[in-house]
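Spelled out, the chains give:
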Amino acid sequence: MPRSVSGVEMRKRQAAHIEAPPQAPGQPRPNTCCLCWCGCCKCLWNEDRMERSERQTCTKMDSIEAAEEQHPSLEELLSWSRSFEMMLRSLEGREVFQEFLRSEYSEDNLLFWLACEELKKETNPSVVEEKARIIYEDYVSILSPKEVSLDSRVREGINQTLAEPSNLMYEEAQFQIYTLMHRDSFPRFLNSSVYRDLLANRRRTCLDT
């Protein structure tokens, strides 16, 4: 009849297989998994878990890179030519339009319009006051480093609201810049190489696929 193995002998046999140095009492063994009592890093379950983690990380990175490399579709590009408003709503549209305006030294008009859009979203009085001041110093003041095409009447109206700034204090000025870009810069943008080359490349891509 086979002799039963006592609990003490079983623990001794298990201890003989442990390659790692003994841990202090109460300290968990590193890399311990529920399927590997020895806590070694060579456990097949641990290796499989590490490989799965690496694959998931790679998949996430691939998704991020793919999102960063996305370009406006042909349909979206064509929609810009039909609607100035639709182009401004598109992040890619604003970036391409800004590139064109930079070539004409009128990029500040778009930057001013975008700054006013951000101000209109604010409700905190202290934040509104700070952003309104920055916009004034950057675009409206006669000492501002940037050039925005505002007439004297609109500038004077802004000066009168500086004592009590609001998130809508630049609304008239913003509309004036919007109208200027729409009527003056936008038609030239549609006929520019910036837009036409982008449109031709997208059409070529669609034909290739």
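One can find the structure itself at the top, above this paragraph.
Residues numbered from 1 in each chain as written. Predicted model: local features only at pLDDT ≥ 70, side-chain atom pairs only at ≥ 80, totals over all residues. Heavy atoms only, no water.

K.L.:
What's the story with the nonpolar core in this structure? I'm lost.
P.N.:
Burial of nonpolar side chains together is a common tendency in soluble globular proteins. Core analysis: the biggest nonpolar cluster contains 35 residues, and Phe97, Phe112, Leu150, Ile158, Tyr170 and Phe189 have the highest contact counts within it. For this core, the secondary-structure elements that each account for two or more residues are helix H3 (74–82), helix H4 (84–89), helix H5 (91–103), helix H6 (107–121), helix H7 (125–140), helix H8 (152–161), helix H9 (171–190) and helix H10 (193–208). Here this core gets seven residues from one element, more than from any other, and that element is H9. (Core = buried A, V, L, I, M, F, W, Y, C linked by side-chain atoms within 4.5 Å. Buried < 20%, exposed > 50% of the residue type's maximum accessible area, 1.4 Å probe, protein only. Helix = DSSP H or I, 4+ residues; strand = E, 2+ residues; numbered from the N terminus.)

K.L.:
I keep staring at the packing of aromatic side chains and nothing clicks. Help me out?
P.N.:
The relation between two aromatic rings is expressed through the spacing of the ring centres and the mutual angle of the planes. As enumerated under the stated definition, the model contains 11 aromatic pairs in all. With a centroid separation of 5.0 Å and an interplanar angle of 55 degrees, the aromatic rings of Phe84 and Phe186 are classed as tilted. In this pair, Phe84 is assigned in helix H4 and Phe186 in helix H9, connecting sequence segments 102 residues apart. Each member of the pair, Phe84 as well as Phe186, carries the same accessibility label: buried. Taken together, the ring pairs connect Phe84, Phe97, Phe100, Trp113, Tyr178, Phe186, Phe189 and Tyr195 into an aromatic cluster. (Phe/Tyr/Trp six-rings, centres within 6.5 Å; stacked < 30°, edge-to-face > 60°.)

K.L.:
Help me understand H6, please; the structure alone is not making it clear to me.
P.N.:
For an α-helix, the turn length of 3.6 residues means that residues three or four places apart are oriented alike. Over its 15 residues, H6 runs 22 Å from end to end, which matches the ideal 21 Å to within 8%, given 1.5 Å per residue. For H6, the secondary structure elements touched by its buried residues are H4, H5, H7 and H9. (Expected span 1.5 Å × (residues − 1). Contact = heavy atoms within 4.5 Å.)

K.L.:
Even after reading the chapter, I still don't get the packing of H5 against H6, so can you show me in this structure?
P.N.:
Angle between the axes and distance between the axes are the two parameters that describe a pair of packed helices. With their axes 7 Å apart at the nearest point, H5 and H6 run at an angle of 140 degrees to one another. From H5, Arg94, Phe97, Gln98, Leu101 and Arg102 reach across to H6, where they touch Glu107, Leu110, Leu111 and Leu114. Tallied by class, residues from the contact of H5 with H6 come to five nonpolar, one polar and three charged. (Axes fitted to C-alpha atoms, helices over the stretch in contact; angles between N-to-C directions. Nonpolar A, V, L, I, M, F, W, Y, C, P; charged D, E, K, R; others polar.)

K.L.:
Would you mind showing me how to read the environment of Glu76 here?
P.N.:
One can find Glu76 in helix H3. A residue is classified by how much of its surface remains accessible, and Glu76, at 26% relative accessible area, is partly exposed. Separated by 17 residues in the primary sequence, Glu76 and Gly93 have C-alpha atoms spaced 8.9 Å apart. Among the polar contacts made by the side chain of Glu76, one reaches the side chain of Ser90 at a distance of 2.7 Å. (Polar contact = N/O pair within 3.5 Å; in protein donor to acceptor, adjacent residues only side chain to side chain.)

K.L.:
Sorry, what's going on with the pattern of salt bridges here?
P.N.:
Pairing between side chains becomes possible if they bear opposite charge and their charged atoms approach one another. Applying the stated criterion across every chain, the model contains 10 salt bridges. A salt bridge links Arg89 to Glu85; the nearest nitrogen and oxygen atoms lie 3.5 Å apart. Taken together, the residues span about one helical turn, with Arg89 and Glu85 both in helix H4 at a distance of four residues. Classification of Arg89 by relative accessible area gives exposed; the value is 64%. Note that Lys121 is salt-bridged to Glu118, the shortest N-O span being 3.4 Å. Of this pair, Lys121 and Glu118 both sit in helix H6, three residues apart, roughly one helical turn. Here the salt bridges share partners, and the residues they tie into one network are Glu104, Asp184 and Arg188. (Salt bridge = Lys/Arg side-chain N within 4 Å of Asp/Glu carboxyl O.)

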